[in-house]
Amino acid sequence: MSILEKTIQAFAELFPEEAAATVAVDGTAEEQTEKDSEAEGPVVARDYATRGFHLDIGVAPDQLVRAAEILFALDYFIESITGVDWPKEKQIEAVYDFCRYDFDLCRVVVRTRTPRDEPRLPTITGIYTGANWHERETHDFFGVVFDGHPNLIPLLLPEDADFHPLLKDFTA
Amino acid sequence: MELSLLNAFIAVFIAIAFVGANAAYLVWWERKGAGFFQRRPGPTENGPWGLLQPPLDGIKLMTKQLLIPGGVDKAIFMVAPVLAMFPALVSFVTIPFSSSIQAHTIEVGVLLIFAFAALGSMSLLVAGWSSRNKYAMISSIRAVSQTVAYEIPLLITTITVVLIAGSLELSEIAAAQMGGIWNWYIWPFQKSAGFNIFMPISFMIMFICSVAETNRAPFDLGEAESELVAGFHTEYSSMGFGLFFMGEYANIVIGACLITILFLGGWACPFGDLGFFPFTHHVGWFLLKLYLIIFVFVWIRWTFPRTTIYGLLNLSWQYMIPLSLFNLLLTAALIKVFA
Amino acid sequence: MNQMDLIELQPDETFVLNVGPQHPATHGVLRVKMTMDGEYIYDAETVLGYIHRMHEKMAENRTYAQYMPNMGRLDYLSAMAFNHGYALVVERACGIEVPERAEYIRVLTVELNRISSHLVWLGAFVLDLGGFTPLMYCFDDREYILDLLESITGSRLTYCYFRFGGLYNDIDEPFIEGTRRFVKRMYKELKMYAKLVTGNIILMKRLRGHGIIDQNMCQRYGATGPVARGSGINYDVRRNEPYSVYPELDFDIPVDDGCDSYARYLVRMEEMVQSLRIIEQILAKLPEGPINPAKKPKIIKPPPGDYYAAVETARGNFGIRLVSDGGKNAYRLKLRSPTYSNMHLFDEACRGMLIADALAFMGSLDLVIPEMDR
């Protein structure tokens, strides 16, 4: 069983009712007109050649910690955490990249969305210690508050920074 | 030599001039040596082969502003660099450059040098302590524990030589090694040393201790620039730094002088007394040996990475001190039996 | 010996030592707030952001082509690999085909750049340990690479050589000849480094058993590159996630399971040899042909969606996530830089170490601060 299938199976516990039905390989990137993972279902296998990653998992914020635990158990390491601002939908999307050290290559992207006016997400520093800086950075740039983060102070921005430069309505 | 005031004055003046010139031109020598080891020319711009570099550096240092950081213990802060330079100067009074060139003959010359060497570590301590800088503080603690650790094997090894030569006077120790290279104390199976085969080890201990005592790489933990910025002289600028710098080189000269006298026969010609050939017992031989040893110092500095403080202290307390003590006892016993 | 038992200390038994932002061992403006117990580190906190330039926002305000020069400003030592990563993600998004010759030249320049980056690391690392001379030798050798790359790219450090689908400039005969000479010389030089540095007893004593990073720690922090490979993890993007022409080349990924600073040192030294092997092979089978694709969109406009590309830089896994809304500018561009994750584990790993060992450990992580701060 390839690691891709194993990961999909492991995530079935998070999405009990839809797991089997929603797994579908999307075609080429051009066919997908709008980025909307909710419409496709939470677990989507992507075409690696055109997208550069294998698995796209959309989770609710309260499932995030469990998702990280599943990935940690499957020997994934954390690559980065970042955000994407979607002002039209009034949401901030947090994107978590995971990869594996061995030759069973599988890049997993975990996405979650949080309201733009009060972005809050649980921290995954309890599982991936390295998420610490990534979450601080996301807090710097997007203002996402990570509940339970041990040291949520500005990392790359000055200590007294009260702006979030990567929000689309930020002007210098 | 009768000691008149004028005589003493001239002697001290020559000693200071020698130390000053040495300290300045050893910097040049070191930079040229570093250039040689690092595939680059070293200083070339000022004067032929960059020979004017040291005086120009001196002028630069002297014309710079002496910054005194806020909150330092000002009096001690100012005294420390002088304390670094002064003992090195005074020690030169006892060094015999040949049978006739010696500022002042002192019966306990060896002891005097060690007494002033200990004062030198004092300057590091007060410099680090008064600078009000954590790096300087750590560095001075290191420097002092290092000097204490290395003074012991250095002294014990010196006592071994003193036992063989039967005198604390440096010129007599040198004179006891006259008559050719085979009479130098560096070699094993000396008749006067009771055929002790461990004399080369004593020489090695002496050499390593001199490197450590003068805070040279690879034992330059006091000024480990990648860890402690500049160590005890972090806060010093201008001639305050210059004095530390010159003091370091003066100490190197003293260390090399001691090695030369104690183990390499001082001014003795390596080919024995050649009656028909002048200069067989000449200051030239002394200086040649001296600068050869300094060259090795430079060579070592630009070859090895730095040790750590615990590695350094372990080396001293676990290996050098027991070894030097053993050699002292062995020498004493052998002399009792054979000589 | 270097690991003290971490006993509970009262606040007045420790003092805070501010290493950086101006400190010889941090190689740039990095600050580490160390809580010290004598010479032992009780706790450390790394403070970043002293040269943060918000490259990710710049990507949103510039067209794709305009953003290419920024890649040389991230990791100034292995700028070529960053060029490659960015070109790769845009090519993947737009579906641009790269001619074979261009791919070979890309890998050739990236590997030359990797050697030059490792040379700077070697010099700076031994300088951290107090040995000054290797730095001069390394810079001497690196000068050859810089001259070579300058002759084809026009710049010595912050390269902007890659174009979407191809390259800025073809390589010429003097470059190939010069590279052949350099490879020959470098093999000799590496033997010299092995004598001067690798076998040095002081160096071994200072590196063996110090700065332990185990595999679990790598996974938790996402360490990649020589840091992960020095911990026995066989992970190299060039092999695990092949891109460009790496699958056609014969080279090994050096892995050492020593987990200490010495293992990381050995891995990097061996990587230089492997890069030389790659260069030799490329010079042997460099195909003829164009270096830019025949058809390429005039204006780069990737279709909406998000794309990811990763490359192996000298320091590890550099990833770019590109979110496009179909416009001329990127909607969002995330730069995942390798030292960011590699440095993160310093805080945890240096606890209980002597400051001298901790700074040697920091040197073994091979930091480039602009890349961390972005």
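Just so you know, these numbers come straight off a predicted model, no measurement behind them.

Assigned secondary structure in chain C consists of 15 helices and eight strands. Relative to the compact-globule value of 21 Å for 374 residues, chain C shows a C-alpha radius of gyration of 21 Å, a close match. Along the first, second and third principal axes, the C-alpha set of chain C runs to 70 × 50 × 30 Å. The buried share of chain C, taken over its 374 residues, is 67%. For chain C, long-range pairs separated by at least 24 residues make up 72% of all intrachain contacts whose partners lie at least 6 apart in sequence. Carbon and sulfur atoms make up 52% of the accessible area of chain C, which amounts to about 12,000 Å² in all. Distance between charge centres in chain C, computed from 43 positive and 49 negative side chains, equals 6 Å.

Let us now look at the overall build of chain A. In terms of helices and strands, chain A carries six helices and seven strands. Secondary structure elements in chain A, listed N-terminal to C-terminal, are α-α-α-β-α-β-α-β-β-β-β-α-β. Accessible surface for chain A amounts to roughly 7,200 Å². Of this, 53% is attributable to carbon and sulfur atoms.

With that settled, consider the pattern of salt bridges. This model, assessed by the stated rule, comprises 51 salt bridges over all chains. One salt bridge in this structure joins C:R268 and C:D366, with 3.8 Å as the shortest N-O distance. Remark: C:D366 occurs in the loop between α14 (355–364) and α15 (369–373) and C:R268 occurs in helix α11 (residues 261–284); sequence separation between them is 98 residues. One salt-bridge network, held together by shared partners, links A:D56, A:E89, A:E93, A:D97, A:R111, A:R113, C:D306 and C:R321.

Attention now goes to the interface of chain C and chain A. In this complex, chain C contributes 48 residues to the contact, which on the side of chain A involves 56 residues. When the area that chain C buries against chain A is broken down by residue, the three leading residues are C:Q219, C:Y331 and C:Y340, summing to 16%. One salt bridge connects C:E60 with A:K168, and the closest N-O pair in it is separated by 3.1 Å. Its residues assigned to classes, the side of chain C that touches chain A shows 18 nonpolar, 13 polar and 17 charged.

In this model, B:W49 sits at a positive phi of 50°, which is unusual for a non-glycine residue. For B:W49, the location among the structural elements is in the loop between α1 (5–37) and α2 (53–63). By relative accessible area, which is 62% here, B:W49 ends up exposed. A positive phi is found at C:R374, a non-glycine position, where the angle reads about 50°.

Residue and element names in this part refer to chain A. Across the sheet, which stays open at both edges, the five strands sit in the order β1-β2-β5-β4-β3 with mixed pairing between neighbours. The open sheet has two edge strands with one neighbour each: β1 (43–45) and β3 (76–86). The average angle at which neighbouring strand axes cross in this sheet is 20°, direction not considered. Direction of pairing for strand β2 (residues 55–58) relative to strand β5 (residues 108–115): parallel, over a ladder of four bridges.

We now examine the side chain of B:E248. All names here are of chain B. Residue position: E248 is located in helix α9 (residues 238–263). A residue is classified by how much of its surface remains accessible, and E248, at 11% relative accessible area, is buried. Not counting residues within four places of it along the chain, the set of residues in contact with E248 comprises T214, N215, R216, E223 and R301.

For the rest of this paragraph, the subject is the sheet that holds strand β1 (residues 15–19) of chain C. Residue and element names in this part refer to chain C. The three strands are arranged β1-β2-β3 in an open sheet whose pairing can be described as antiparallel. Looking at the sheet topology across the chains shown, the edges are occupied by β1 and β3 (40–47). Pairs of neighbouring strands in the sheet enclose a mean axial angle of 25°, with direction left out of account. Sheet topology note: the strand β2 (residues 31–37)/β3 ladder contains seven bridges and is antiparallel. Bridge pairing in β3 places T35 opposite D43. The strands that α14 touches are β1, β2 and β3; relative to β2, the one it contacts most, it runs at about 155°.

Let's shift gears to the packing of aromatic side chains. Scanning the model with the defined rule gives 36 aromatic pairs over all chains in all. Members of the aromatic cluster, joined through ring pairs, are B:W29, B:F36, B:F37, B:F295 and B:W299. We note A:K168 situated over the ring of C:Y331; from NZ or CZ to the ring centre the distance is 4.0 Å. Residue placement shows C:R268 over the ring face of C:W121; its charged tip is 4.8 Å from the ring centre.

Right, let's talk about helix α3 (residues 79–94) of chain C for a bit. Residue and element names in this part refer to chain C. Between the first and last C-alpha of α3 there are 23 Å, a value that for 16 residues agrees with the 22 Å anticipated at 1.5 Å per step. The element α3 is largely enclosed, with a buried count of 15 among its 16 residues. Looking one or two residues beyond α3, the residue adopting positive phi is G95, at roughly 65°.

The subject of this paragraph is the arrangement of the chains. Pairwise contact counts over the two pairs of chains in contact peak for chains A and C. Structurally, chain A and chain B remain out of contact, their C-alpha atoms never closer than 25 Å.

Next up on the list: the interface of chain B and chain C. At the junction of the two partners, chain B supplies 23 residues and chain C supplies 37 residues. Between chain B and chain C, the buried area comes to about 2,600 Å², and carbon and sulfur atoms account for 59% of it. It is B:R39, B:P305 and B:Y310 in chain B that bury the most area against chain C; as a group they hold 25% of the surface buried on that side. Counting across the interface, chain B meets chain C through three salt bridges. A salt bridge links C:E39 to B:R142; the shortest N-O distance between them is 2.6 Å. Summed over the shared surface of chain B and chain C, the number is twelve residue pairs in polar contact (both at pLDDT 80 or more).

All names here are of chain C. Turning to its location among the elements, S116 is positioned in helix α4 (residues 100–128). Placed 30 residues apart in sequence, S116 and L146 show a C-alpha to C-alpha distance of 7.9 Å. A distance of 3.0 Å separates a polar side-chain atom of S116 from the backbone oxygen of N113.

Attention now moves to the packing of helix α3 (residues 74–91) of chain B against helix α4 (residues 109–130) of chain B. Residue and element names in this part refer to chain B. In contact at an axis separation of 8 Å, α3 and α4 are set at 165° when each is read in the N-to-C sense. By the criterion of interaxial angle, the relationship of α3 to α4 is roughly antiparallel. Note on packing geometry: the crossing formed by α3 with α4 is left-handed. Seen from α3, the contacting residues are I76, F77, A80, L83, A84, F86, P87, V90 and S91; seen from α4, they are I113, F116, L119, G120, M122, S123, V126, A127, W129 and S130.

This paragraph deals with the nonpolar core. Counting residues in each nonpolar core, the largest one holds 178 residues, and the members touching the most others are C:M34 and C:Y86. Apart from the residues within four sequence positions on either side, C:M34 is in contact with C:F15, C:V16, C:L17, C:V19, C:I41, C:D43, C:A44, C:F346, C:I355 and C:L359. With 63 residues, the next largest nonpolar core counts B:L170, B:I186, B:C209 and B:C257 among its residues.

The next subject is a nonpolar patch on the surface. On the surface, B:F189, B:F195, B:I197, B:V337 and B:F338 cluster together to form a nonpolar patch covering roughly 510 Å² of accessible area. With respect to the element layout, B:V337 can be found in helix α11 (residues 309–338).

Glancing now at helix α5 (residues 64–73) of chain A. All names here are of chain A. For α5, the complete set of buried residues consists of L64, A67, A68, I70 and L71. Looking straight down α5, one finds that the buried residues subtend no more than 160° of arc, so they occupy a single side. Summarising the contacts, the buried residues of α5 are in contact with α1 (3–11), β3, β4 (91–100), β5 and β6 (120–122). A positive phi of about 65° marks D75, the residue just after α5.

Reading guide: rules and limits
- Residues numbered from 1 in each chain as written.
- Chains lettered and ligands numbered in written order.
- Predicted model: local features only at pLDDT ≥ 70, side-chain atom pairs only at ≥ 80, totals over all residues.
- Heavy atoms only, no water.
- Helix = DSSP H or I, 4+ residues; strand = E, 2+ residues; numbered from the N terminus.
- Rg over C-alpha atoms; globule rule 2.2 N^0.38 Å.
- Buried < 20%, exposed > 50% of the residue type's maximum accessible area, 1.4 Å probe, protein only.
- Contact = heavy atoms within 4.5 Å.
- Areas by Shrake-Rupley, 256 points an atom, 1.4 Å probe, with all protein chains shown as cover.
- Lys, Arg positive; Asp, Glu negative; His and termini not counted.
- Charge placed at Lys NZ, Arg CZ, Asp CG, Glu CD.
- Salt bridge = Lys/Arg side-chain N within 4 Å of Asp/Glu carboxyl O.
- Buried area = accessible area lost by both parts, 1.4 Å probe.
- Nonpolar A, V, L, I, M, F, W, Y, C, P; charged D, E, K, R; others polar.
- Pairing = 2+ DSSP bridges.
- Axes fitted to C-alpha atoms, helices over the stretch in contact; angles between N-to-C directions.
- Phe/Tyr/Trp six-rings, centres within 6.5 Å; stacked < 30°, edge-to-face > 60°.
- Lys NZ or Arg CZ within 6 Å of the ring centre and 35° of its normal.
- Expected span 1.5 Å × (residues − 1).
- Polar contact = N/O pair within 3.5 Å; in protein donor to acceptor, adjacent residues only side chain to side chain.
- Parallel < 35°, antiparallel > 145°, perpendicular 65-115°, else oblique.
- Left-handed = near helix turned anticlockwise from the far one by under 90°.
- Core = buried A, V, L, I, M, F, W, Y, C linked by side-chain atoms within 4.5 Å.
- Patch = residues over 30% accessible without salt bridge, like charges linked within 9 Å, V, L, I, M, F, W, Y side chains within 5 Å.
- Arc of directions from axis to C-beta.

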